[in-house]
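Structural features, examined
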Amino acid sequence: MKSAFLPDRSVIKVAGEDARNFLNGLVTTDLDRLKPGLGRFGALLTPQGKIIVDFLITEASAGHGGGFLIDCPKALADTLATKLKFYKLRAKVTVDKLDLGVLAAWDGEPAAQPDLAFADPRAEGLGTRILVPEDLKQKLSDLIGAELVDAAAYEAHRIALGVPRGGLDFMYSDAFPHETNMDRLAGVDFDKGCYVGQEVVSRMQHRGTARTRSVKVLLEDASPEPGTTILAGDKPVGTIGSTAGGKGIALVRIDRVADALDAGQPLTAGGLALTLAEPDVVRIPAKQPIA
């Protein structure tokens, strides 16, 4: 088993008697399904339905003071805290940044279950998240029986599983949840009540209007730089995101890529060849006639 401390993550705590209802009215995930030891994936959206910040969230036990702990990108932690305080109004909640980081563990089952640990709900095999101060990363790794490695090893693991990362595989405030596969990564609960941006997300879900998607790609030889345009012939069809070990994640127009595949056109980025790891993912299922 391997573990890595992720230096690009921060933890925000939202507590108080109104915390659950307050968050439930704002974010894409259903906090009524959350309890200590479990994690959920979600996001805070703009009213137009675009991702301001995505995050993982768990509930703290009473022994840790209760409330909800949000594992979010460090670069957006202040933005998230400010947005939550903006929406607070008269709700009885507190919003605080904690002196905690994130230890990710994968390739095995932890030998022990530490406090503030939960399985990453986005994809099977992604592993466990443990909220912990950085100076305890070695101690926690020893406790769960993991070899502490560099964060780059976790990045390669994430990329191999095709899980997008904001800022590399999509741009915040510019992408809808469907475009980053949040609907496929258990990041949107379509049966919960209203939240900010919900109408747009629900409309995309029911009409099947998502034409841009994050997809896994296989690379030959060197890897293109993140942000490099992907071409089918001379026609732009997407951009390359993060890459590692001959694998990568790309944000593509699935209709254009499907047309290119049908026409036998190769895909390139920066002059380097690439292929889709799962070609069928760009095929939009035909709507069934209503009986």
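Along each chain, residues carry numbers from 1 onward, in the same order as the chain's sequence is written. Restriction of local features to residues with pLDDT of at least 70 applies here, the model being predicted, together with a cutoff of 80 or more for giving and counting side-chain atom pairs; totals for whole chains, interfaces and linings are based on all residues. Only heavy atoms go into the side-chain values, all of them from the structure, while hydrogens and water stay out.

1. Points about helix H4 (residues 151-160)
Rules: Only protein chains enter the accessibility calculation, which uses a 1.4 Å probe; a residue whose area is less than 20% of its type maximum is buried, one above 50% is exposed, and one in between is partly exposed. Elements are defined by DSSP. Helices are runs of H or I of four residues or more, strands are runs of E of two residues or more, and each kind is numbered from the N terminus. By definition in these notes, contact holds between two residues if any of their heavy atoms fall within 4.5 Å.
Inspection of H4 places Ala151, Tyr154, Glu155, His157, Arg158 and Ile159 among the buried residues, and these make up the whole buried set. Buried residues belonging to H4 abut strand S1 (2-6), strand S7 (101-106), strand S9 (128-132), strand S13 (235-244) and strand S14 (247-253). Following H4 by one or two positions, Gly162 adopts a phi angle in the positive range, close to 75°.

2. Considering the sheet that holds strand S6 (residues 94-98)
Convention followed: Two strands pair if DSSP finds at least two bridges between them. Working convention: axes come from line fits to C-alpha atoms, limited for helices to the stretch in contact. Angles between N-to-C directions cover 0 to 180 degrees.
With antiparallel pairing, five strands are arranged side by side in an open sheet as S3-S4-S5-S2-S6. At either end of the open sheet lies a strand with only one pairing partner, and these are strand S3 (39-45) and S6. Neighbouring strand axes in the sheet, compared pairwise and without regard to direction, differ in orientation by 30° on average.

3. Some words on the pairing of S3
On any regular strand, side chains alternate: one points to one face of the sheet, the next to the other face. Burial within S3 is extensive, with seven of its seven residues counted as buried. Across the two faces of S3 the burial is the same, with Gly39, Phe41, Ala43 and Leu45 and Arg40, Gly42 and Leu44 all buried. Bridge analysis of S3 against strand S4 (residues 51-59) gives seven bridges, and the strand direction is antiparallel. Across the sheet, Gly42 pairs through a bridge with Phe55, a residue of S4. Linkage of S3 to S4, two consecutive antiparallel strands, is achieved through a turn of five residues, within which Gly49 is found at a positive phi near 90°.

4. A closer look at the confidence of the model for the chain
Selection rule: A residue's pLDDT is simply how confident the predictor is in it, with values from 0 to 100.
On average, residues of the chain score 94 in pLDDT, and 97% of them reach the 70 mark or higher. Long-range and interchain partners of residues 286-291, a stretch whose pLDDT sits below 50, account for one contact in this model, where long-range means more than four residues apart.

5. Section: unusual backbone geometry
In the Ramachandran plot, Asn181 falls in the positive-phi region, its phi being about 65° despite a non-glycine side chain. With respect to the helices and strands, the residue Asn181 is situated in the loop between H4 and helix H5 (198-207). In the Ramachandran plot, Ala186 falls in the positive-phi region, its phi being about 60° despite a non-glycine side chain. On the secondary structure map, Ala186 appears in the loop between H4 and H5.

6. Quick word on empty space enclosed by the protein
Our working rule: Grid points spaced at 1 Å and placed over the protein atoms alone form the basis of the search, with a cavity being a set where a 1.4 Å probe fits but cannot get out and a pocket an open set showing protein on both sides within 12 Å along at least five of seven lines. Lining residues have an atom within 4 Å of a point. Grid points are joined across faces, edges and corners, and a volume is the space filled by probe spheres set on the points. In this count, Pro and Cys sit with the nonpolar residues alongside Ala, Val, Leu, Ile, Met, Phe, Trp and Tyr, while Asp, Glu, Lys and Arg are called charged and the others, Gly among them, polar.
The tally for this structure, following the rule as stated, stands at one cavity of 30 Å³ or more. Each pocket or cavity is described by its volume, and for the largest cavity that value is around 40 Å³. Considering the residues around the largest cavity, the lining is formed by Phe41, Asp54, Pro164, Phe170, Thr180, Met182 and Leu185. Grouping the amino acids of the lining of the largest cavity by side-chain chemistry returns five nonpolar, one polar and one charged.

7. A word on the pattern of salt bridges
As a reminder of what qualifies: Any Lys or Arg side-chain nitrogen found within 4 Å of a carboxyl oxygen on Asp or Glu counts as a salt bridge.
By the definition in use, this model includes 18 salt bridges. Taking the shortest distance from any N to any O, the salt bridge between Glu155 and Arg165 comes out at 2.9 Å. In this pair, Glu155 sits in helix H4 while Arg165 sits in the loop between H4 and H5, placing the two residues ten residues apart along the sequence. The class for Glu155 is buried, based on a relative accessible area of 18%. Given a relative accessible area of 26%, Arg165 falls into the partly exposed group. The residue Arg158 makes a salt bridge to Asp169 at a minimum N-O spacing of 3.1 Å. Here the residue Arg158 occupies a position in helix H4, and Asp169 occupies one in the loop between H4 and H5, the gap between them amounting to eleven residues. Since its relative accessible area comes to 3%, Arg158 is described here as buried.

8. With respect to H5
Within the sequence span of H5, burial applies to Gln198, Val200, Val201, Ser202 and Met204. For H5, the elements touching its buried residues are S3.

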